[in-house]
Amino acid sequence: MASSSSTSNEFDCGEEPHVLAVDDNIIDRKLIEQILKKYNCKVTIAENGLRALEYLGIGDQKGTTENKESSTMKEIPVVIVSSENIPTRINKCIEEGAQEFMLKPIKPSDVKKLRCQMTSLNKPTNGRFCLGR
């Protein structure tokens, strides 16, 4: 028990971020949830993009969304995690506003780096970021 709390403190970069993890594969969702919780992240899971938009309060079950230029969207850093190592796709994600693109499988060291990076961003995150596929 003592070792798990020391591991958590070792990776503490300040605030406890609230992560919306989106993946269509239940095994990947459970894995990322376990890794994120290990590093003191509050985790909300969504099985697809539409459900994620509903959680964020900018979409509905019909697929209707607010304009992507909304202030709500600008406040939430987005990190794409994918198994597709395609440079044009990676560049497009970054050009569209993703702060980071990470390749699967995600590792605990990736979460440590990401937590510190998201916590140190200059833009207000309200302790939230979206980790999606």
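Residues numbered from 1 in each chain as written. Predicted model: local features only at pLDDT ≥ 70, side-chain atom pairs only at ≥ 80, totals over all residues. Heavy atoms only, no water.

## Concerning the overall build of the protein chain
And step 1. Regarding its fold elements, the protein chain presents six helices and five strands.
And step 2. Within the protein chain, the fraction of its 133 residues that count as buried is 35%.
And step 3. In the protein chain, of all internal contacts separated by at least 6 residues, the share reaching a separation of at least 24 is 58%.
And step 4. Looking at the protein chain as shown, the accessible area adds up to about 8000 Å², and 51% of this sits on carbon and sulfur atoms. (Helix = DSSP H or I, 4+ residues; strand = E, 2+ residues; numbered from the N terminus. Buried < 20%, exposed > 50% of the residue type's maximum accessible area, 1.4 Å probe, protein only. Contact = heavy atoms within 4.5 Å. Areas by Shrake-Rupley, 256 points an atom, 1.4 Å probe, with all protein chains shown as cover.)

## Focus on helix H2 (residues 26–38)
And step 1. The end-to-end C-alpha distance of H2 is 18 Å, a good match for the 18 Å that 13 residues give at a rise of 1.5 Å each.
And step 2. Every buried residue of H2 is listed here: Arg29, Ile32, Glu33, Ile35 and Leu36.
And step 3. Of the residues that open H2, the one with a side-chain oxygen 2.8 Å from the backbone nitrogen of Ile27 is Asn25. (Expected span 1.5 Å × (residues − 1). Polar contact = N/O pair within 3.5 Å; in protein donor to acceptor, adjacent residues only side chain to side chain.)

## Some details on the packing of aromatic side chains
And step 1. Applying the stated criterion to the full structure yields zero aromatic pairs.
And step 2. Across the ring face of Tyr55, the terminal group of Arg51 is positioned such that the distance to the ring centre comes to 4.6 Å. (Phe/Tyr/Trp six-rings, centres within 6.5 Å; stacked < 30°, edge-to-face > 60°. Lys NZ or Arg CZ within 6 Å of the ring centre and 35° of its normal.)

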